[in-house]
Amino acid sequence: MARNLVGLDIGSRFIKAVQLTEEKDTYSITQYARIEIQPQEPIPDALRGIFESNNFQTKRVVTSVSGRFVIVRYITMPVMSEDELRNAAKYELGKYIPFEVDEVIHDCQKLEEVQEPTTPEGEKEMRVLLVAAKRTFIDEHTSLLEDAGLQPHVIDVDSFALGNCYELGSTLNPEQQDRNKLIAIIDVGATKTNINIANATTSYFTREFYKGGDDITDVLCKKMALEVKEAEVLKRNPGSEISRVSECIAGTIDDICHDINISIDFFENQYDRRVDSILLTGGCSQTVGLSEDIERTIGRPIVKWNPLENFEINLDDEKKAQLTDDMPQVAIALGLASRIRKD
Ligand SMILES: Nc1ncnc2c1ncn2[C@@H]1O[C@H](COP(=O)(O)OP(=O)(O)OP(=O)(O)O)[C@@H](O)[C@H]1O
Ligand SMILES: [Mg+2]
């Protein structure tokens, strides 16, 4: 029987919802919607609107959280069983979070065994992913969804959703054989940028920093004396004003590129491994000059990622055109829905 799951990415400017349907080990995109959040509209009303105006087959949703109440750490621990890890993680947690242990909910996952024994006793070690989130923050998030009449299924983290989207996509494409290929996925949104460095199965590094499209709009407003709405329009279609726009936003774009460069550099030095490919996504990734500036700063080519490329799309023509148009904004929602495979 077909199963459905909706990945719901509640961004700071846009809400994106992608429904994946699993049937006999095939996955297809069977519903899609994107809305721009209106300043005065409560989020539950916006969410209810999305589900009332579009024919989603389920209200079971996977969403994500991010920000300073969500802590992601990659730690090393002695090799132990999953059960032992679960117990040990509770005690380790306190070392890594800026909150009291009983204020958070947490999860942990064994990643891989470290090849060389690194403890003085020669004990084998493994890498572990530890995620903790402030309980009150998760409760508020869950309430938003329940107020909208939705059924929260899993709450994920934005960076992992990017990795899951890549992972399911690469599983669907037999040509994409190299499961060890190391990729950096970069999502530049409105208020933040997320980076996940991973191969097709494991995430090695994630980072989030708070710069994005809103900063570019702000600088245009200031330097060109525009209203936010006008600056948004000009940013997306600079037309004959392109050189003036490029000049005004150059410093802000440089800041974003600098932080991306630092993250990749840090990872490569820490792990002594080179990232094979850099994939760029997120609404702000379309800003004129951004991808070229990242290429220049990092000194290697980047790919404007099409997260849809390996997925079957089962939508009417209008929806399909809309999804294709919105392609830079849908990776996280699609990655959240990709959890259907691990259910
Ligand atoms: N064609 C375009 N050119 C430049 N910027 C664009 C374009 N289209 C959208 N944007 C910008 O992309 C941003 C929205 O992208 P996205 O939907 O990825 O963000 P979000 O998920 O709502 O935000 P966040 O992830 O930071 O919470 C806005 O800043 C918007 O101005
Ligand atoms: Mg986003």
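In this text, all values refer to a predicted model and were calculated from it rather than measured experimentally. (Residues numbered from 1 in each chain as written. Chains lettered and ligands numbered in written order. Predicted model: local features only at pLDDT ≥ 70, side-chain atom pairs only at ≥ 80, totals over all residues. Heavy atoms only, no water.)

**A word on the state of the cysteines**
- Considering all chains together, one arrives at 0 disulfides under this definition.
- Free cysteine: C165, not disulfide-bonded; nearest cysteine sulfur from C284 at 19 Å.
- Residue C165 is classed as buried on the basis of its relative accessible area of 1%.
- Looking at C284, the relative accessible area reads 5%, which means it is buried. (Disulfide = S-S within 2.5 Å. Buried < 20%, exposed > 50% of the residue type's maximum accessible area, 1.4 Å probe, protein only.)

**Looking at the site of ligand 1**
- Lining the immediate environment of ligand 1, one finds 20 residues, of which S12, K16, T191, E232 and Q329 sit closest.
- Here F14 contributes a backbone N or O atom positioned 2.9 Å from an oxygen atom of ligand 1.
- Compared with its free state, where it exposes 650 Å², ligand 1 has 94% of that area covered by protein.
- Broken down by secondary-structure element, the contributors of at least two residues to the shell around ligand 1 are β2 (14-23), α5 (213-224) and α6 (228-236).
- Sorting elements by how many residues they give to the shell around ligand 1 places α6 first, with 3 residues.
- Residues that form the shell around ligand 1 fall into these classes: 3 nonpolar, 10 polar and 7 charged.
- Of the domains in this structure, domain 1 (3-67 + 137-176 + 307-342) and domain 3 (177-306) are the two that each give at least three residues to the shell around ligand 1. (Near = heavy atom within 4 Å. Polar contact = N/O pair within 3.5 Å; in protein donor to acceptor, adjacent residues only side chain to side chain. Areas by Shrake-Rupley, 256 points an atom, 1.4 Å probe, with all protein chains shown as cover. Helix = DSSP H or I, 4+ residues; strand = E, 2+ residues; numbered from the N terminus. Nonpolar A, V, L, I, M, F, W, Y, C, P; charged D, E, K, R; others polar. Domains from an automatic or database assignment.)

**Here's the deal with the sheet that holds strand β1 (residues 3-10)**
- Read across the sheet, 6 strands follow the order β8-β4-β1-β2-β3-β14 without closing on themselves; strand pairing throughout is mixed. Where the open sheet ends on each side, the last strands, each with one partner, are β8 (151-157) and β14 (312-313).
- Direction of pairing for strand β4 (residues 60-65) relative to β8: parallel, over a ladder of 6 bridges. From the neighbouring strand, R60 faces β8, where its bridge partner is Q151. (Pairing = 2+ DSSP bridges.)

**Section: the packing of aromatic side chains**
- Evaluation of the coordinates by the stated rule reveals 7 aromatic pairs.
- Each ring, one from F51 and one from F56, has its centre 4.9 Å from the other, and the planes form 35°; the classification is tilted.
- Under the relative-accessibility criterion, F51 is labelled buried at 11%.
- Between the aromatic rings of F69 and F137, the centroid separation amounts to 5.4 Å while the plane-to-plane angle is 50°, which identifies the pairing as tilted. Placement of F69 in the loop between β4 and β5 (70-78) and of F137 in helix α3 (residues 135-147) is noted, with a sequence separation of 68 residues between them.
- Residue F69 is classed as partly exposed on the basis of its relative accessible area of 24%.
- Members of the aromatic cluster, connected to one another through ring pairs, are Y204, F205, F266, F267 and Y271.
- Note that R273 overlies the ring of Y204, its terminal NZ or CZ placed 5.4 Å from the centroid. (Phe/Tyr/Trp six-rings, centres within 6.5 Å; stacked < 30°, edge-to-face > 60°. Lys NZ or Arg CZ within 6 Å of the ring centre and 35° of its normal.)

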